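Descriptive structure summary
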Amino acid sequence: MKGKRTFTLALAIALFIALSCPAFAAGGGGVLTDPGAMEGKHFHPKGKLPSKFTIELQNGVRKTLPFEDKRDFEEAKKGFVAAPPYKQIMAEAGNVAWDMGSYEFLLQGKDFDSVHPSLQRQAILNMAYGLYEVVPGKIWQVRGFDLANISFIKGDTGWIVIDPLTAKETAKAALDLINEKLGKRPVVAVVYSHSHLDHYGGVRGVVDEADVKSGKVPVIAPTHFMKHAVSENVYAGNAMIRRSFFQYGVLLPRSPFGHVDQSIGKNTAAGNTGLIQPTRYIEKDIEEVTVDGVKMVFQNTPGTEAPAEMNTYFPQFKAFWAAENITGTIHNIYTLRGALVRDALEWSKKVNEALYLFGQEAEVMFAAHSWPRWGNPRIQEVMRTQRDTYANLNNEVLYQANKGVTINEIHNVYKLPKSLQQQWAAHSYHGSEEHNSRAVINRYLGYWDGNPTTLVPLSPRDSAPLYVEMMGGAKKIMAKGKELYDQGKYRHATEILNKLVYAEPQNQAAKDLLADVFEQIGYQKESPSVRNSFLAAAYELRSGIPGGVPPKSTGPDTIRAMSTDLWLDFIGIRMDSKKTEGLKFVINLVTPDNGEKYVVELSNSALTNIKGQQAKNPDLTITVNRSDLETVMGGKATFDNLIAAGKAKFEGDRQPFDQLKGILVQFTPDFEMMPGTKPAKPATPPSKDPFEQPEPASSAGG
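Residues numbered from 1 in each chain as written. Predicted model: local features only at pLDDT ≥ 70, side-chain atom pairs only at ≥ 80, totals over all residues. Heavy atoms only, no water.

Concerning the overall build of the chain
Stated formally: Secondary structure is summarised from DSSP: a helix means a run of H or I of at least four residues, a strand means a run of E of at least two, and numbering begins at the N terminus for each. Our radius of gyration looks at C-alpha atoms and nothing else; its globule reference is 2.2 Å times the residue count to the power 0.38. Only protein chains enter the accessibility calculation, which uses a 1.4 Å probe; a residue is then buried when its area is under 20% of its type maximum, exposed when over 50%, and partly exposed in between. Note on areas: Shrake-Rupley, 1.4 Å probe, and residue coverage restricted to the protein chains presented here.
Tallying secondary structure elements over the chain gives 24 helices and 21 strands in all. Expected size for 702 residues packed as a compact globule is a radius of gyration near 27 Å; at 26 Å, the chain falls within 12% of this value. Judged by the C-alpha coordinates and their principal axes, the chain covers about 75 × 70 × 60 Å. Going through the 702 residues of the chain one by one, you find that 59% of them count as buried. Entry remark: accessible area of the chain is about 27,800 Å², with carbon and sulfur atoms responsible for 53%.

Structure, rendered in structure tokens:
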């Protein structure tokens, strides 16, 4: 039992770290190793092995998949130069930022019945670790140092770095590795392909900000990059962080019964994240730039995998960089951590555009994740496969919707055509056919299925007791749930057991049985996001959410990148509406150093702001430089500190400021995802200034 207790403590510590480190929370980058993984032992004392039904399903799937097509494995190995002598990369804070060795159980050469065969194949492909040559003498990648790949283009005098990973430490390790193996060269430019953290967060590991500001090293990004790099994850950031615990399996150890892969890479590094503002934006749909003798043709692709994203073609090398638009998986149209629904049709069109602009002559295609493809026929094959998969998803789902299939049915109806099922590049590892198909309907028709019962439904906690009563109580539901479990009818079992758990959240036997059901469903899923969600829910039903709310600080790079109106918008979200009734005020905010002015108004329990205006008769005017306001946003100072130091001035009635300060709430990502899992003692949020801006959720992984 000592080992079990130690492991549970490790999970609690991991959650503590996760809550304080956005990179960890987003991608599970904190390392939860399992000493029993190599022996095939389950990490949880209540964990179950795959049932005979799960084993039968996995064996059936193995017979239908095109395992004879081994080209991905050949391509994943091609161009290998060297691997470093280490498997771990340490963070500056002293924790392990990255540990490729924690997944070595996957390399034993045996099939795991607790892992979908297709997912196991993807997980092995993502074990590539080290330096790889993409175009002889010109382009290299370091893979397996983070969720994403970092790419190096050899210019006349130095390296052009594309997508410097999530963390400073892993990016630096990658730069050190290529310099050691190929000769040291300076970094002469950095390119951010898009606005997700795992593609820019490690920039300080490859370049000094002073060199960027001086103009020595340009940083190139797609138009609107800065806006979306921050804003995409602010308004619902706390909820996104908590939900990512399920999508990314933050509490799951690396094990055949836990976390095996994240589809586009193994995991996300848990190191220092940063952001250096771009010095050049690609504004046009197609724009050509030459840096250090290397010609780059950029293709802006907004509305695809990220709201700000671009592909790049290198005509001198006949090399096409597909960013995160074409990888070794069909991506998320809806990401389970939460984000705006993406446009499958537009994604298909941008891939098609790239196919006809660059794919007719490209001889190599490489990307921000996965492995390159070589040879023009192979490149066109993969591009067409992914183009057609996104197009089919959009068109077939809308075909079914126009025949009356609803958002609550489409996931049981939509299937890829057989021609695509037999192509690995059409498999949805990062996405899933189930949640992507629902996303398409949600994008066009919204969440309502047209039945008035579901338009204003009871909350689950209110409806569940009625179901339990009508089904004859907990004893009968448990008996039927066990019967369904024993028959392998897992989704049927969830229908009734979920009701019981909501009606009786302290019924541990019910939670344990539902966890057993969730676990088998998780084992059977091809998408790690879906797998992780079921397995993470099973863990929390069995063990609860580890308690503790750690201190947390917002990174200065993020604060500098956040607009004042974004900060004001989120203050409006953080108001406790129970305390706002009857309150009314108008505040002018002036930040002289950047010439901005705002009117902030509270009325009808809504806090609004407008940029570029000033009220004629405000209750209060606050004057503070934006640079000093950033110290308040970052938790390094308070308004009263600034007033005392002569750095801020209040003119008028201070009461509105104090009223606003008194009604703000600091969110913590510890709310229940499943009933009856929260610690008996509620978490106490750390004491901090109400105007401190919480860290946005991480966008790593898209």
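A few points about the packing of helix H15 (residues 460-470) against helix H17 (residues 490-503)
The cut-off we apply is this: Angles run from 0 to 180 degrees between N-to-C directions of axes, and those axes are lines fitted to C-alpha atoms, restricted for helices to the stretch in contact. With respect to orientation, any angle under 35 degrees is reported as roughly parallel, any angle over 145 as roughly antiparallel, any angle of 65 to 115 as roughly perpendicular, and every other angle as oblique. Crossing chirality is assigned from the near helix's rotation relative to the far helix, an anticlockwise turn below a right angle marking it left-handed and a clockwise turn marking it right-handed. It only takes one pair of heavy atoms within 4.5 Å for two residues to be counted as in contact. Only Asp, Glu, Lys and Arg are considered charged, only Ala, Val, Leu, Ile, Met, Phe, Trp, Tyr, Cys and Pro nonpolar, and every remaining residue, Gly among them, polar.
Relative orientation of the contacting elements H15 and H17 amounts to 115°, with a least axis distance of 8 Å. As judged from the angle between their axes, H15 and H17 are roughly perpendicular. Judged by the sense of rotation from one axis to the other, the crossing of H15 with H17 is left-handed. The segment H15 lies against H17, with Pro 460, Arg 461, Ala 464, Pro 465, Tyr 467 and Val 468 engaging Lys 499, Leu 500, Tyr 502 and Ala 503. Classifying every residue of the contact of H15 with H17 gives eight nonpolar, no polar and two charged.

Concerning the pattern of salt bridges
Convention followed: One side-chain nitrogen of Lys or Arg within 4 Å of one carboxyl oxygen of Asp or Glu is enough to make a salt bridge.
Counted according to the given criterion, the structure contains 40 salt bridges. Residue Glu 92 is joined to Lys 168 by a salt bridge in which the shortest nitrogen-to-oxygen separation is 3.1 Å. Taken together, the positions of Glu 92 in the loop between strand S2 (88-90) and strand S3 (96-99) and Lys 168 in helix H6 (residues 168-182) put the pair 76 residues apart, joining distant regions of the chain. Glu 92 gets classed as exposed once you look at its relative accessible area, which sits at 51%. By relative accessible area, which is 26% here, Lys 168 ends up partly exposed. For Glu 540, the salt bridge is made with Arg 242, and the minimal N-O distance between the two is 2.7 Å.

A look at helix H18 (residues 508-523)
Quick note on the threshold: Here the expected span of a helix is defined as 1.5 Å times the quantity of residues minus one. Polar contacts, as used here, are pairs of N or O atoms within 3.5 Å; protein pairs need one atom able to donate a hydrogen and one able to accept it. Residues neighboring in sequence count only if both atoms are side-chain atoms.
With 16 residues, H18 should cover 22 Å at 1.5 Å per step; its first-to-last C-alpha distance of 22 Å lies within 8% of that length. A large share of H18 lies buried, amounting to 14 of its 16 residues. Put simply, Asn 507 is the residue that caps the front of H18, since its side-chain oxygen is 3.3 Å from the backbone nitrogen of Ala 509.

In short, shape yes, function no, at least from these values alone.
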